[in-house]
Amino acid sequence: LWATVALAVNNPSQVVQQMGSVGMEFIGGYLMGRAYIRTPEAFAALCRWLVFLVLCTLPFALYEAKTGRPPVIDILRKLHLTNVAVVTIDGRMGLERVQAVFAHPIHYGLFCSVAFSLAFIALRDLTTTGWRYLSSVLVAMCGFLALSSGALLAIALQIALIFWAALFSRLPW
């Protein structure tokens, strides 16, 4: 509702199209979650899978950060299994921006940033502490390789909130 009001004030000609589209995306994702994640075990399985998927992209992301060529997308394009274009954006900090299997590096970075807190918080009682820390660092590294300020900010904010929670865990108020 708030997005509808904001669009109506700032872009009245776009309200119907944008809110119809965004509304369907939001409701679709929500309904998918409600239909398939109904138990704590199902949520834990989702968390494991997301972390696993990000970790599977790590070797390809490292290669792409150095060469600027996404090997998975290149292979899929040669097999005519995707039409995702290879994005060429100026590198940052001596590295190339990683898009991995996504249409843009921002998408990859945000995907990794979602998996970060799941690796560190959601899997806390389901895996060893060492693996939890290692997988969180590796997921954060994948997110960093996108060199997207949105993903970096999301991960930094999650780290700050984790420190905040740890720092004040003994103060219930």
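This text goes with the structure placed above it.
Calculation criteria
- Residues numbered from 1 in each chain as written.
- Predicted model: local features only at pLDDT ≥ 70, side-chain atom pairs only at ≥ 80, totals over all residues.
- Heavy atoms only, no water.
- Helix = DSSP H or I, 4+ residues; strand = E, 2+ residues; numbered from the N terminus.
- Buried < 20%, exposed > 50% of the residue type's maximum accessible area, 1.4 Å probe, protein only.
- Salt bridge = Lys/Arg side-chain N within 4 Å of Asp/Glu carboxyl O.
- Axes fitted to C-alpha atoms, helices over the stretch in contact; angles between N-to-C directions.
- Parallel < 35°, antiparallel > 145°, perpendicular 65-115°, else oblique.
- Left-handed = near helix turned anticlockwise from the far one by under 90°.
- Contact = heavy atoms within 4.5 Å.
- Nonpolar A, V, L, I, M, F, W, Y, C, P; charged D, E, K, R; others polar.
- Patch = residues over 30% accessible without salt bridge, like charges linked within 9 Å, V, L, I, M, F, W, Y side chains within 5 Å.
- Areas by Shrake-Rupley, 256 points an atom, 1.4 Å probe, with all protein chains shown as cover.

The next point concerns unusual backbone geometry. Non-glycine residue His80 carries a positive phi angle of around 60 degrees. Of note, His80 is situated in the loop between α4 (71–78) and α5 (105–122). Classification of His80 by relative accessible area gives exposed; the value is 72%. The phi torsion at Met93 lies on the positive side, around 55 degrees, for a residue other than glycine. Within the element layout of this structure, Met93 appears in the loop between α4 and α5.

Now for the pattern of salt bridges. Within this structure, the stated rule accounts for one salt bridge. As a salt-bridge pair, Asp74 and Arg69 come within 2.8 Å of each other at their nearest N and O atoms. For Arg69, a relative accessible area of 39% translates into the label partly exposed.

To continue, consider the environment of Tyr36. Among the structural elements, Tyr36 can be located in helix α2 (residues 15–36). Residue class for Tyr36 comes out exposed when judged on its relative accessible area of 62%. The sequence separation of Tyr36 and Leu46 amounts to ten residues, and the corresponding C-alpha distance is 9.6 Å.

Bringing the packing of α5 against helix α6 (residues 129–145) into the picture now. Orientation of α5 relative to α6, taken along the N-to-C sense of each, is 165 degrees, at an axis distance of 8 Å. The orientation of α5 with respect to α6, classified from their angle, is roughly antiparallel. Relative to α6, α5 is oriented so that their crossing is left-handed. Between α5, through Tyr108, Gly109, Cys112, Ala115, Phe116, Ala119 and Phe120, and α6, the contact on the second element is made entirely by Arg132, Tyr133, Ser135, Ser136, Val139, Ala140, Cys142 and Gly143. Residue composition of the contact of α5 with α6, grouped by class: ten nonpolar, four polar and one charged.

The next thing to look at is the packing of α5 against helix α7 (residues 149–167). In the contact formed by α5 and α7, the axes pass within 8 Å of each other and the chain directions differ by 15 degrees. Comparing the axis directions of α5 and α7 gives the class roughly parallel. When the axes of α5 and α7 are compared, the crossing they make is right-handed. On the side of α5, the interface is formed by Gly109, Leu110, Ser113, Phe116, Ser117, Phe120 and Ile121, while α7 contributes Gly150, Ala151, Ala154, Ile155, Gln158, Ile159 and Ile162.

Quick look at a nonpolar patch on the surface now. Judged by side-chain polarity, Met32, Tyr36, Ile37, Phe43 and Leu46 come together as a nonpolar surface patch covering roughly 490 Å² of accessible area. For the nonpolar patch, the secondary structure elements donating two or more residues are α2 and α3 (40–67). Counting through the fold element by element, Phe43 comes out in helix α3. A relative accessible area of 36% means that Phe43 is categorised as partly exposed.

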